[in-house]
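# Descriptive analysis of the structure
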Amino acid sequence: MPIDKARVKERLVQETKDYLMLFVYLAAFLGSFTIYKRLVLQEHHLSYYHYGYSLIEAAILAKVILLGDWLGLGRARPRGPLILAVLRQTFLCSLLVIAFSFLEKILDGLLHGHDLAWGLEQIASMKKQEVLANFLVLYVTLTPLFAVRQLEKVLGPGRLVALFFKVKAD
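The paragraphs below set out a description of the structure included in this document. The shown structure was predicted, so the numbers you read here are calculated from the model rather than taken from an experiment. (Residues numbered from 1 in each chain as written. Predicted model: local features only at pLDDT ≥ 70, side-chain atom pairs only at ≥ 80, totals over all residues. Heavy atoms only, no water.)

### Some details on the nonpolar core
The biggest cluster of nonpolar side chains holds 18 residues, and the ones touching the most others in it are Leu26, Ile65 and Leu142. Of all the secondary structure elements, the ones that give two or more residues to this core are helix H1 (5–42), helix H2 (51–71), helix H3 (82–111) and helix H5 (128–155). When residues of this core are assigned to their parent elements, the largest contribution, six residues, is made by H2. Contacts of Ile65, omitting those with residues within four sequence positions, involve Leu22, Leu26, Cys93, Leu142, Leu145, Phe146 and Arg149. (Core = buried A, V, L, I, M, F, W, Y, C linked by side-chain atoms within 4.5 Å. Buried < 20%, exposed > 50% of the residue type's maximum accessible area, 1.4 Å probe, protein only. Helix = DSSP H or I, 4+ residues; strand = E, 2+ residues; numbered from the N terminus. Contact = heavy atoms within 4.5 Å.)

Okay, structure coming up:
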């Protein structure tokens, strides 16, 4: 079966657009959150300059969300109000991101000469409040994103972009 180069190119272009859209959204949110942290900590005379980390995290999160798409998270047609599909997809993707953050801790430990038990211990030692707070921030961040993505599915390809960015003739 020959490879359809035009289809491969079309899919690559679409996935690149999807990735960039996710990255820009997440970078803007995480960057603003980093600025917020910096300003709060500055009141207590503490330094916080992890701006590059926000961009790296946005790049990784965008890829994890695309992986969630590939795995079929939220692919099912909504059977009720659209908000239920949005909240379900946001919940599943947030869980996937948290799982990847745990995997990241394990891999980071392995890369720095620690064993698997060390990584698992690092995860177990995390405060429940910290994990819950990260999940909550992530959930609130992703909800508008998935709402827009679900609207795009319902309206059809390109319609939402046209509504937002094209001038309507009266």
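Continuing now.
### Thoughts on the pattern of salt bridges
Under the counting rule described, the total for this entry stands at two salt bridges. Of the charged contacts in the structure, one is a salt bridge between Arg11 and Glu15, with a shortest N-O distance of 2.9 Å. With Arg11 and Glu15 both in helix H1 and four residues apart, the pair spans about one turn of that helix. Note that Asp69 and Arg149 form a salt bridge whose closest N and O atoms lie 2.4 Å from each other. One end of the pair, Asp69, is in helix H2; the other, Arg149, is in helix H5, and 80 residues separate them in sequence. A relative accessible area of 17% means that Arg149 is categorised as buried. (Salt bridge = Lys/Arg side-chain N within 4 Å of Asp/Glu carboxyl O.)

### Re a nonpolar patch on the surface
On the surface, a cluster of nonpolar side chains totalling about 510 Å² of accessible area is made up of Phe100, Leu103, Leu107, Leu110, Leu116 and Leu120. Breaking the nonpolar patch down by element, the ones donating at least two residues are H3 and helix H4 (116–124). Counting through the fold element by element, Leu107 comes out in helix H3. Classification of Leu107 by relative accessible area gives partly exposed; the value is 42%. (Patch = residues over 30% accessible without salt bridge, like charges linked within 9 Å, V, L, I, M, F, W, Y side chains within 5 Å. Areas by Shrake-Rupley, 256 points an atom, 1.4 Å probe, with all protein chains shown as cover.)

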